[in-house]
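Here's the letter readout for the chains.
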Amino acid sequence: VDDGLVFVPSFWAGQASLIDFRTRGELGAVETCQGTVPANALGASNGVVAFQVRCADDPDGTTHAVSLQETELVYTLPGHQADALAVSPDGTRFVRQDGEGTIHGPLSVRDLLNGELIVQLEGLCTWDASLPDDQHDGCEEFPAEPFGILAELVRWSPDGSMIAAAVGAEMAVWDTSSGRLLFTEAVDPGRIFVADAIFTPDSRHLVVSSVPDGIRVLSSSSGRTLEYIGTLQAQGEERFPSLLGYSSDESTLLAVGGPQIVGAAGELNWIDADTYELVRTKGQIHDGQTVAAALSPDRTRIATGSSDGFVRVWDAVTGQLVHEVPLDGVAVHGVAFVDQLHL
């Protein structure tokens with residue numbers, strides 16, 4: 001057609017394809033180490049990207065920070081336990097779990113530019129994953145303090161004043177300035193694990209998606225359950241979505257999920273922000289498992305990464321495919337927007 005686009009009609013399929021042969025726009029790469037990057041361990045802001053890598057010869061995770069302007073490694077910070085990492089809304093801080101080997105320490109808030117410790121979150125103990133639960137000296141059973149944590153999920157409130165973390169099947173919330181534990185959620189014996197959580201745009205509520213009970217809404221000031229929504233349903237199948245964020249007009253909660261928890265090709269979900277009704281879905285957004293997703297700063301685009309080796313960018317309103325980036329068959333475990341035009 002023009003500029004590297006090739007139009008290919010197919011008589012047998014009864015349709016035509018538009019194939020893009022143009023350069024995909026890779027701007028640079030930074031070497032770290034041969035290893036694995038877990039999902040939910042990538043954040044970007046103010047020209048700095050922070051992520052966790054488990055190098056092949058090191059059992060512990062290491063936080064790497066990269067300057068995008070210089071395309072170079074700024075610092076590494078060993079002792080990154082569990083998988084989660086989240087960057088604050090103002091782009092100055094990040095939160096991770098500290099520890100090394102089988103030792104799991106507290107959650108720490110650190111300076112994004114240099115990795116220096118700002119505050120440790122209170123109410124947490126240090127525990128040894130190699131020991132049975134009843135041999136963790138100095139640790140209490142959640143929600144009694146101090147309790148141990150395996151931080152697979154951490155989230156900042158939009159105003160930057162709070163951090164929420166999943167503690168197995170429950171939630172806990174901290175003040176980010178003092179590190180004070182604000183509340184722990186009451187234990188539900190029927191709940192298996194937290195799938196995802198997100199603060200509402202005004203930071204007053206925390207929306208939590210759990211298995212198998214579905215979505216509930218907590219007060220971020222008291223931890224009290226304000227509303228129980230239940231499991232999202234589409235075509236008679238349950239959904240346990242990953243909650244990405246709210247649309248630009250805040251009328252819709254955008255999510256990535258699917259009818260399966262493991263191995264799902266994934267779908268885009270549009271959830272009414274007032275009623276939490278599943279309004280619309282777009283299925284089969286990848287050929288492999290959808291592992292990573294992110295919402296653009298202006299909340300108009302959704303980026304998804306998959307085990308099929310593709311990053312795809314979608315219009316957050318229509319669900320139309322905007323762009324596709326092949327990564328030579330390498331599974332994508334993390335994706336983040338740098339700005340409106342860069343991933």
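Note that this is a predicted model, so its numbers are computed, not measured. (Residues numbered from 1 in each chain as written. Predicted model: local features only at pLDDT ≥ 70, side-chain atom pairs only at ≥ 80, totals over all residues. Heavy atoms only, no water.)

Caption draft 1: Layout of the packing of aromatic side chains. Under the definition given, this model contains 2 aromatic pairs. The interplanar angle of 90° and the centroid separation of 4.9 Å between the aromatic rings of Phe142 and Phe147 together place this pair among those described as edge-to-face. Since its relative accessible area comes to 0%, Phe147 is described here as buried. An angle of 45° between the planes, with centres 6.5 Å apart, marks the rings of Phe147 and Trp174 as tilted. Within this pair, whereas Phe147 is found in the loop between β11 (127-128) and β12 (154-156), its partner Trp174 is found in strand β14 (residues 170-175), the two being separated by 27 residues in sequence. Exposure class is identical for Phe147 and Trp174. Each is buried. Pairwise contacts between aromatic rings join Phe142, Phe147 and Trp174 into one cluster. One Lys or Arg, Arg280, reaches over the ring of Trp270 and ends 3.8 Å from the middle of that ring. When the ring centre of Phe310 is taken as reference, the NZ or CZ atom of Arg312 above it lies at 5.2 Å. (Phe/Tyr/Trp six-rings, centres within 6.5 Å; stacked < 30°, edge-to-face > 60°. Buried < 20%, exposed > 50% of the residue type's maximum accessible area, 1.4 Å probe, protein only. Helix = DSSP H or I, 4+ residues; strand = E, 2+ residues; numbered from the N terminus. Lys NZ or Arg CZ within 6 Å of the ring centre and 35° of its normal.)

Caption draft 2: View of the nonpolar core. Counting residues in each nonpolar core, the largest one holds 21 residues, and the members touching the most others are Val95, Leu107, Phe147, Val154 and Trp174. Mapped by element, the contributors of at least two residues to this core are β7 (72-87), β9 (103-111), β12, β13 (162-167) and β14. Phe147 has contacts with Gly123, Leu124, Cys125, Glu140, Phe142, Val167, Ala172, Trp174, Leu181 and Thr184, leaving out every residue within four places of it along the chain. Counting residues in each nonpolar core, the second largest holds 14 residues, with Ala255, Ile271, Tyr276 and Leu278 among its members. (Core = buried A, V, L, I, M, F, W, Y, C linked by side-chain atoms within 4.5 Å. Contact = heavy atoms within 4.5 Å.)

Caption draft 3: Spatial organisation of the pairing of strand β10 (residues 117-120). As paired elements, β9 and β10 share 3 bridges and run antiparallel to each other. Residue Ser108 lies in a different strand from β10, and its bridge partner there is Gln120. Linking β9 back to β10 in an antiparallel pair, the connection comprises 5 residues, with Gly115 at a positive phi of about 80°. (Pairing = 2+ DSSP bridges.)

Caption draft 4: Local environment of the sheet that holds strand β17 (residues 205-211). Taken together, 4 strands build an open sheet; the order of strands is β16-β17-β18-β19 and the sheet is antiparallel. In the strand order of this sheet, the two ends are held by β16 (193-199) and β19 (225-230), each with one partner. For this sheet, the mean angle separating the axes of adjacent strands, direction not counted, is 20°. (Axes fitted to C-alpha atoms, helices over the stretch in contact; angles between N-to-C directions.)

Caption draft 5: Main features of the sheet that holds strand β22 (residues 242-246). Ordered by their spatial adjacency, 4 strands build an open sheet running β22-β23-β24-β25, and the pairing between neighbours is antiparallel. The sheet is open, and its two edges are formed by β22 and β25 (278-283), each paired on a single side. Pairwise comparison of adjacent strand axes, ignoring direction, gives a mean angle of 20° for this sheet. In this structure, strand β23 (residues 252-257) lies alongside strand β24 (residues 267-272), joined through 6 bridges in antiparallel fashion. Pairing of Ala255 across the sheet is with Asn269, part of β24.

These values are about where atoms sit, not about what they do.
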